[in-house]
Amino acid sequence: MRSLKLFYISIFLISFSCGTDDIQNLGKSDCAVAFSKLLDQAEDDYIALMIQPDSDGNDQSLEACLNRKSYTQAYIVRLQNANDTLNTIAGCTDTEYFNFIGRILDRKQQLEEDMTSTWNRCEEIFGGG
């Protein structure tokens with residue numbers, strides 16, 4: 001019983017002394033930690049851009065739609081560049097590498113579907129051009 005208490009206390013102290021990032025990154029290679037941060041930052045940047053209104057402060061306009069289309073196209077390119085970078089860096093395990101490839105391909109597929117269903121239809125939805 002005493003050893004179980006000591007075990008729980010030691011786990012608590014270890015988790016308290018480590019930040020949440022440290023705990024989430026346990027067992028990951030340095031390559032995986034860095035590349036995951038790169039992908040997370042790219043996603044955060046994309047989301048921040050996507051909530052921006054147009055120059056008049058309107059988020060439901062042809063201009064806003066075309067801006068979002070442009071941001072989506074740029075993000076697809078950024079993901080492709082990340083994929084190319086992953087192919088040239090060393091240090092990730094095979095599992096990490098394939099997980100990243102899957103994550104990139106899945107996100108690119110989602111974005112390409114968004115392009116087809118929404119962003120390529122800006123003029124149709126909002127008129128003009």
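Scroll up for the structure.
Model, not experiment: these values are computed from the prediction.

## Things to note about the overall build of the chain
Across its full length, the chain carries 6 helices and 0 strands. When the helices and strands of the chain are listed from N to C terminus, the series reads α-α-α-α-α-α. Of all 129 residues assigned to the chain, the portion counted as buried reaches 26%. Here the chain displays about 8700 Å² of accessible surface, and carbon together with sulfur accounts for 56% of that area.

## Details of the packing of helix α3 (residues 30-50) against helix α4 (residues 62-86)
Helix-helix packing is described using two parameters, namely the angle between the two axes and the distance between the axes. Packing of α3 against α4 leaves a shortest axis separation of 10 Å and a crossing angle of 175 degrees. Our classification of the angle between α3 and α4 gives roughly antiparallel. Across from Phe-35, Leu-38, Leu-39, Gln-41, Ala-42, Glu-43, Asp-45, Tyr-46, Leu-49 and Met-50 in α3, the residues of α4 making contact are Arg-68, Tyr-71, Thr-72, Tyr-75, Arg-78, Leu-79, Ala-82 and Leu-86. Split into classes, the residues belonging to the contact of α3 with α4 amount to 12 nonpolar, 2 polar and 4 charged.

## A short note on the packing of α4 against helix α5 (residues 94-117)
At a minimum axis distance of 10 Å, the contact between α4 and α5 shows a crossing angle of 160 degrees. For the element pair α4 / α5, the angle class is roughly antiparallel. In this structure, α4 crosses over α5, and the sense of that crossing is left-handed. Contacts between α4 and α5 involve Lys-69, Thr-72, Gln-73, Tyr-75, Ile-76, Leu-79, Gln-80, Ala-82, Asn-83 and Leu-86 on the former and, on the latter, Tyr-97, Phe-100, Ile-101, Ile-104, Arg-107, Lys-108, Leu-111, Glu-112 and Met-115. Partitioning the contact of α4 with α5 into residue classes produces 11 nonpolar, 4 polar and 4 charged.

## Comments concerning the pattern of salt bridges
Counted by the stated rule, this structure contains 4 salt bridges. In this structure, Arg-78 engages Asp-45 in a salt bridge whose closest nitrogen and oxygen atoms are separated by 3.0 Å. Of this pair, Arg-78 sits in helix α4 while Asp-45 is found in helix α3, placing the two residues 33 residues apart along the sequence. Overall, the relative accessible area of 28% leaves Asp-45 in the partly exposed class.

Parameters and conventions
- Residues numbered from 1 in each chain as written.
- Predicted model: local features only at pLDDT ≥ 70, side-chain atom pairs only at ≥ 80, totals over all residues.
- Heavy atoms only, no water.
- Helix = DSSP H or I, 4+ residues; strand = E, 2+ residues; numbered from the N terminus.
- Buried < 20%, exposed > 50% of the residue type's maximum accessible area, 1.4 Å probe, protein only.
- Areas by Shrake-Rupley, 256 points an atom, 1.4 Å probe, with all protein chains shown as cover.
- Axes fitted to C-alpha atoms, helices over the stretch in contact; angles between N-to-C directions.
- Parallel < 35°, antiparallel > 145°, perpendicular 65-115°, else oblique.
- Contact = heavy atoms within 4.5 Å.
- Nonpolar A, V, L, I, M, F, W, Y, C, P; charged D, E, K, R; others polar.
- Left-handed = near helix turned anticlockwise from the far one by under 90°.
- Salt bridge = Lys/Arg side-chain N within 4 Å of Asp/Glu carboxyl O.

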